[in-house]
Amino acid sequence: MDIVLITTIISSLFLVIAAADPLAARLRLPYTVILACLGMLIGVGAIFFLRTELTDALNPVAEAILALPIRSNVFLYVFLPTLLFQVTLGVNPRRMMDDWVPILVLAVVAVVVATLAVGYALSWASALPLVACLLIGAIVSTTDPSAVVGIFRSISAPRRLARIIEGESLLNDAAAIALFGLFMGFVMLGVPDPSFQDALARFPVLIAGGALAGWLSARIAVWVMSLMARYELAVISVSVALPYLAYIGAEQSIGASGVIAVVAAGLTLNLTGPGRLPPAIWGNLRDVWDLLAHWAGALIFILAALLIPRLLEEVRAGDIVLIVVVIAAAVAARAVILFGLMPVLSLLRLSPVVERPYRVAILWGGLRGAVTLALALAVTESFGVPTEVKRLVGILATGFTLFTLLAQGTTLRWVIGRLGLDRLSPLDQALSNQVIAVALQTVREDVARTAENYELTRETVRSEAKRFAERLDRAVEAAEDDEAIQDRDRITLGLIALAGAERDTILARFRERAISGRLSDQILTEADGLIEATRSGGRTGYQRATRRSLRYGRAFRAAVILNNRLRISRPLALMTADRFEVLLSQRLILRDLSGFIDGRIRRIHGKRVADLLHELLARRQEAVETALEGLRLQYPGYAEELERRFIRRTALRLEEREYGMLREDGLIGAELHVALMQDIAERRLREEQRPKLDVAVQKAELVRQFPLFADLDERSLRQLTRALRTRYVNEGDVILRKDSPARSVFFIASGAVELAVAGQTWRLGRGEMFGQMAILMQKPRRTAATAISSSTILVLDETRFRRLLKRSAGLQDAVRQSAMARGVKHDAFTIPALVVTSD
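Residues numbered from 1 in each chain as written. Predicted model: local features only at pLDDT ≥ 70, side-chain atom pairs only at ≥ 80, totals over all residues. Heavy atoms only, no water.

Brief notes about the sheet that holds strand β5 (residues 760-764)
- Taking strand neighbours across the sheet as the criterion, the four strands line up as β2-β7-β4-β5 in an open arrangement whose pairing is antiparallel. Every interior strand has two partners, whereas the edge strands, β2 (734-736) and β5, have only one. Sheet twist, expressed as the average angle between the axes of neighbouring strands with direction ignored, equals 30°. (Pairing = 2+ DSSP bridges. Helix = DSSP H or I, 4+ residues; strand = E, 2+ residues; numbered from the N terminus. Axes fitted to C-alpha atoms, helices over the stretch in contact; angles between N-to-C directions.)

Written out as structure tokens, the structure reads:
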């Protein structure tokens, strides 16, 4: 085919893509539905002009359109990796992990159920072999929930719900294509009724092999990108190559799932890229991928829709019945998951509660699109598939896709309206009134300053100010007098606004380079979780989320185990350094929020709500300071290094801004400005390197600070440092249980612990010990110990404690004083005789 003609057609398709977006907005229809309709019209038009005798002038164009080299490999190897990779860069993997159960249920379990339901229903209703029916089920089980996600974003749907649907869209295609490859192999081998044992034996290889290939490809790519971190175009070029190499490598080298490889590669880059690349380059990289995915998504829909008239040319009357069977089975399978399994997960607290109207919207929004058509096309192109199977696969997949696009897609917004999901709840309406009132107050102040600066006519200013003041009064009155707002709701609204301001502050600090890109993602994730927790749980949810942000997670505890038992300290050092930096950033951000409370929230919700928010903020600041002080005590000097690094990065930002102002004022030339910016970029790259934390050295310093060990010689201190194991506990964690065997003694490095025995309680703080009396009395523990704040405990086993007790007079005195304080008689326990050692 003439390259000029192909180029002309592809260029014209981009014009169609450009027209589809405003057309979809005007008709209030999903963008993908408009693309599919335009593609079908182009395909039908080409067939019409080619077969009609009205005119022959457009025959060359029609022939070129119908002869476009549209093959399944074009979809699977060119467009699909682009779409999947961009989605992985746009999601928040950490927030997805919070909802991994419902995401996997919708993306994997639902696909398997739909495949089996459609497969067995078709096997009952047709003469096709079971494996061919299961193949059709796998093809139609992949959904494109982008339409319902887009609508959920435009209405007051919970963010968490939209995130679950996004997670489904990411993993859904991977699961469906993996099943498609599985059953396609059985069909081509001529296996009519495959056993589930055969299927299950191959499925883990597809998934695990693809995940490993994608992870390894991304790790290599990130390493290469970090070497080229100063060259933006080179970094973006490597990112463009990554999904295709991962896809082809997994498919062709190890026979694994290329789709899984692309998803794994994208998620790995999403997690590691922000910490290894400059923020500006990472932001531009994501912008480039957004554009590539927009073009790829639009082209795949239009080109796939061009095939629909051809795929339906051989449709028969009996095929309509089978299409109805596919529709009924697929919808029923999805309904079983949404209305049967999801409520069970909610009862087990493995998934958020999804209200029935939202479940209906998700059910009706399960559109099928280009991926389904591409998989069907792959079957029709295969020489190893029987002719009748190819015909039915093309017709059933195409018919089902048309139903979802033309019946469900065109009525989805109407269904959402009928369900009442497009209307604001009373609380959301109150929040809207608050935002409007706050915004108008700010606008009034800005307009007043602008009018004063331009010295406008006083009468004109007074007249316009009066009109604006009337509008502002109405907005403030709506915010203050809304009957739907109870006192509890006012506090919730204030906390939501406060959490939103915190998120905006984090973004501002990230743009100013005050927060590193790698940690900004983690801090933003916590801020998003804070907003969601406040919306769902009010003040209690806000407090619970703030406490959770300071807790030591499972990964941290695993790193502690690696350090204590295997002497692998690097994971613990990295996570501790991250915790240091996050706490320092939180402390700076929280200090900026007091002004927001006084400047915005107090004007809307009054003094009482503002004072309460100040109190909650003060408690949170105190908790952050306590956690930070605990780390300072453990690792003296490291916090100061991080603070110096923050000051240097801030100075670089201010210096960069100053040079920019000098350039705008014409005081320095372009050449000098470029040279200065290059110098700043080099220095900033050096400052991005965080100082290393040596856990072992810092632990030795911590032991030396204990008053209990002040009389030990240097050799004994080194032995003690090696013997002590570090244990990190969260607020409320039980350290010791009553009647447990006495095997260890505990020393508090930071934080506080509450002891309870015989109905009495007392608290211990930094530098004190507990657990020693049960060992010396050789009895089961009568005391229970619980952490009352995030604490670091040093643990010493019984044998080493007795050995240490023989060498430390200070430790013996501390044991006696502890016994006296708790009313334990001196003859109830035995302290070994002090042994004086000489070096």
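Details of helix α14 (residues 317-347)
- Compared with an ideal rise of 1.5 Å per residue, which puts 31 residues at 45 Å, α14 spans 46 Å between its outermost C-alpha atoms and is within 8% of the ideal.
- Maximum bend of α14: about 30°, positioned at leucine 341, with proline proline 343 one to four residues after it.
- Directly beyond the C-terminal end of α14, a positive phi value near 60° is found at arginine 349. (Expected span 1.5 Å × (residues − 1). Bend = angle between axes of the 7 residues up to and from the residue.)

Examining the pairing of β5
- With five bridges connecting them, strand β4 (residues 753-757) and β5 associate as antiparallel partners. Paired with leucine 755 across the bridge in β5 is tryptophan 762.
- The hairpin turn running from β4 into β5, its antiparallel successor, is two residues long, and alanine 758 in that turn takes a positive phi close to 55°.

Observations concerning the pattern of salt bridges
- Under the counting rule described, the total for this entry stands at 12 salt bridges.
- Taking the shortest distance from any N to any O, the salt bridge between glutamate 388 and arginine 391 comes out at 2.9 Å. On the criterion of helical spacing, the pair formed by glutamate 388 and arginine 391 is a turn pair, its members being three residues apart in helix α17 (residues 387-418).
- Residue class for arginine 391 comes out buried when judged on its relative accessible area of 10%.
- Put simply, arginine 763 and glutamate 754 hold a salt bridge, and the shortest N to O gap is 3.4 Å.
- In this structure arginine 763 comes out as exposed when scored by relative accessible area, which is 58%. (Salt bridge = Lys/Arg side-chain N within 4 Å of Asp/Glu carboxyl O. Buried < 20%, exposed > 50% of the residue type's maximum accessible area, 1.4 Å probe, protein only.)

A short note on the sheet that holds strand β3 (residues 744-750)
- Across the sheet, which stays open at both edges, the four strands sit in the order β1-β8-β3-β6 with antiparallel pairing between neighbours. If you trace the sheet from one side to the other, it starts and ends with β1 (725-729) and β6 (769-770), each paired once.
- In the sheet, β3 pairs with β6 via two bridges, with the strands oriented antiparallel. If you follow phenylalanine 747 over to β6, its bridge partner there is methionine 769.
- Contacting β3 and β8 (791-797), helix α29 (residues 798-807) runs over the sheet at an angle of about 85° to β8. (Contact = heavy atoms within 4.5 Å.)

Some thoughts on the nonpolar core
- In this structure, Leu122, Ile139 and Phe180 are the most contacted members of the largest nonpolar core, which totals 75 residues.
- Here this core gets 11 residues from one element, more than from any other, and that element is helix α9 (residues 159-189).
- Contact partners of leucine 122, with chain neighbours within four places excluded, come to Cys133, Ile136, Leu322, Val325, Val326 and Leu396.
- Counting residues in each nonpolar core, the second largest holds 41 residues, with Leu498, Val609, Ala627 and Tyr728 among its members. (Core = buried A, V, L, I, M, F, W, Y, C linked by side-chain atoms within 4.5 Å.)

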